[in-house]
Every structure is written in C-alpha cells, then in structure tokens.
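Descriptive structure summary
Residue-level listing of the chains:
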Amino acid sequence: MSAIASARTTTVGTLSGMAQGFRGDVADFYHRYRRGYPLAVLDAVVEVFGLTPDDVAVDLGCGTGQVTVPLAERVRAVIGVDPEPDMLAHGRRAGEERGAANLAWVVGTDADVPAWRAVLGDGSVGVVTIGQALHWMRHDELFRALHPLVRPGGGVAVLTNGTPLWLQDEDWSRALRECLEQWLGTPAGNACGTDEESQARYRESLAAAGFRVDVRGVDYTAELDLESIVGGVLSALPVDRLPADRQAFTDLVRAALEPHAPFTEHVHVTVLTGRR
Ligand SMILES: C[S@@+](CC[C@H](N)C(=O)[O-])C[C@H]1O[C@@H](n2cnc3c(N)ncnc32)[C@H](O)[C@@H]1O
C-alpha cells in the first residue's frame, strides 16, 4: 500500500462544506469528543462478512480510530488509512493504549486503492470499513476498485454515526443550527452522507459494482452535555474557522441551548454493507 498521501486535494470541514483538513486542534477535538460505535455495529460487520481471526481489514477514512481500534480485536490485523497525519497519530495512540499490536496506520486516500491491490493482492481483504467518511470520496470508482480486493464473502461496510448535532429533530439542535449559521454566516445543512438521498446513492453504487447490498441499523439514546456539544461542533469545523476565543463561543452556544435542556440525542447508526 502506498504510504504517500495522494496529491488529490481532500476537502473536509463537515459543518460548512468548506475545504480544510482534519488537523491540529480539529483532530484533537475529534479524538476527544466524537463517539465511537456501539459494539453491536462491530458484531454486525463481523457477522455479515463472516470475519475470523485470519482476516485482514482496512479502515478507510479511519480518522482517530473509532472503527479501527475495536475492529482489531476481531481480526488478524487492521490497516487504518487516512490523509491526515494528525488524525492517524491519535488513532495510533488509542491503539497503543488498548495494547493492540495488530494495527498499521497509513497516510492515504480512496484514490490509492489500485496501489493496495498491487501490494496486498486481490481477494486478500476481509472487509473495508468506511466510517462516516464516504462523503469525501468518489464512491462509484471506489466500490468498483474494492470489489476485486476483497475475498469472496467479504466486502465493504459503510457506517454512519448518527445525524450531525446541528441537524437533529430536537429544539436544542435547531437552536444550535441557528446559532452556528449566524456565527459562520453560511448555511449549516451538510448531512455528511447520513441523509436518505445519499444512502440510496451508496446502495445503488455498491450494487452496480457487483456487491450484494444489505442495510442494518443500531439505535440508542444518549444524553449530551454542553461541553460535548461544543466539542462535537469544533471537531467538524475547518481548522481555520475555529473560534479564537473558545470561551466566548461556548458562552454563545450555552445561551442559545440552555432553554432547551436536556439535550437528548436519538442516535441511528447505519450499517450499509456490500458483500462480494
Ligand atoms: C468524519 S471523519 C471519520 C473518522 C472515523 N472513521 C469515524 O467513523 O469517526 C472523516 C475522515 O475521513 C478522512 N478523509 C477525508 N477525505 C478522505 C479520502 N479521500 N480518503 C480517505 N479518507 C478521507 C478525513 O481525514 C477524516 O479523518
């Protein structure tokens, strides 16, 4: 696999759609405040693809390791791939803290898949997971390129991890969205691939690439506090739009949200799988 970042520009900045990387403080906020996935999600991925301790997995767009690290307990090895070294550094530390010796962290993007095929060999991978990251990738080309890489019965798992904080059907979320739109001066409508329209495109694209498509969901409810909401928002901002005065930003969000407490979040995790 190529260890060199693709020259292709990677656009991130999920809240506003602006082009900036997940790096510096944004990577720190991501690591600290973005939740992982319920174990039932990992169980579903293992079950769909019949993963065993002999399998190798690739976690594409691995970020700070929300999927990579827990998946390592269920397979022989996981390769976490992401264009942002700061995200990978957090993932590496998280893996070390869990004592996982079967993780590799590689700088790269979806554009590198043809190189993985050359290095790893066709049919060599049990699953390629893509957690909350497909909206940054060229999914049609990606799914076509992944089909020969995965072993028969293996495949691709596309995960979403709830609706963005500012787009939920709750009064506190509507207040957050209004507050952010005023502060950013731009609409905050990016659903980051969690919306039904995007999901339908992904399903069609997987099927067109030759995968057998299945969708499962895991639902749970969480209570958020103001710190995790502010941290979650900051983890989704372009790094050059982070507020210089974090306390003033926190106070602004607190004033907007406090009338709508408690901050209950109904989280729907989508497990979209394509089996070869
Ligand atoms: C929202 S984070 C998701 C992190 C983690 N997988 C999760 O489930 O929380 C999206 C990640 O995708 C990465 N990314 C952006 N463009 C990418 C691309 N073209 N190929 C691979 N990863 C990409 C970003 O650097 C970022 O770490």
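Reference entry: report on the structure contained in this document. (Residues numbered from 1 in each chain as written. Predicted model: local features only at pLDDT ≥ 70, side-chain atom pairs only at ≥ 80, totals over all residues. Heavy atoms only, no water.)

What to know about empty space enclosed by the protein
Applying the stated criterion across every chain, the model contains 1 cavity of 30 Å³ or more. Roughly 50 Å³ of internal volume is contained in the largest cavity. As for the largest cavity, its lining consists of Q132, A133, L134, H135, V158, L159, T160, C192, G193, Q199 and Y202. The residue makeup of the lining of the largest cavity, split by class, is 6 nonpolar, 5 polar and no charged. (1 Å grid on protein atoms, 1.4 Å probe; cavity = no way out; pocket = protein on both sides within 12 Å on 5 of 7 lines; lining within 4 Å. Points joined across faces, edges and corners; volume = space filled by probe spheres on them. Nonpolar A, V, L, I, M, F, W, Y, C, P; charged D, E, K, R; others polar.)

Let's talk about the packing of helix α9 (residues 226-234) against helix α10 (residues 246-257)
Two numbers describe how α9 lies on α10: the axes approach to 10 Å, and their chain directions differ by 120°. By the angle between their directions, the pair α9 and α10 is classed as oblique. Crossing angle aside, the handedness with which α9 passes α10 is right-handed. Two secondary-structure elements touch here, α9 through L226, I229, V230, V233 and L234 and α10 through R246, F249, T250, V253, R254 and L257. A class-by-class count of the residues in the contact of α9 with α10 yields 8 nonpolar, 1 polar and 2 charged. (Axes fitted to C-alpha atoms, helices over the stretch in contact; angles between N-to-C directions. Helix = DSSP H or I, 4+ residues; strand = E, 2+ residues; numbered from the N terminus. Parallel < 35°, antiparallel > 145°, perpendicular 65-115°, else oblique. Left-handed = near helix turned anticlockwise from the far one by under 90°. Contact = heavy atoms within 4.5 Å.)

What about the sheet that holds strand β4 (residues 125-131)?
Strand order in this open sheet of 7 strands is β3-β2-β1-β4-β5-β7-β6, and the pairing throughout is mixed. Two strands close off the open sheet at either side, each with one partner strand: β3 (103-107) and β6 (212-224). Each neighbouring strand pair of the sheet contributes to a mean axis angle of 20°, computed without reference to strand direction. Judged from the 5 bridges that link them, strand β2 (residues 77-82) and β3 form a sheet pairing that is parallel. (Pairing = 2+ DSSP bridges.)

Thoughts on the pairing of strand β1 (residues 56-60)
Counting buried residues in β1 gives 5 out of 5 residues, a clear majority hidden from the surface. Going residue by residue along β1, you find V56, V58 and L60 tucked away on one face and A57 and D59 tucked away on the opposite face as well. Across 5 bridges, β1 lies against β2 in parallel orientation. Considered in β2, the bridge of L60 is made with V81. Bridge count between β1 and β4: 3 bridges; the pairing is parallel. (Buried < 20%, exposed > 50% of the residue type's maximum accessible area, 1.4 Å probe, protein only.)

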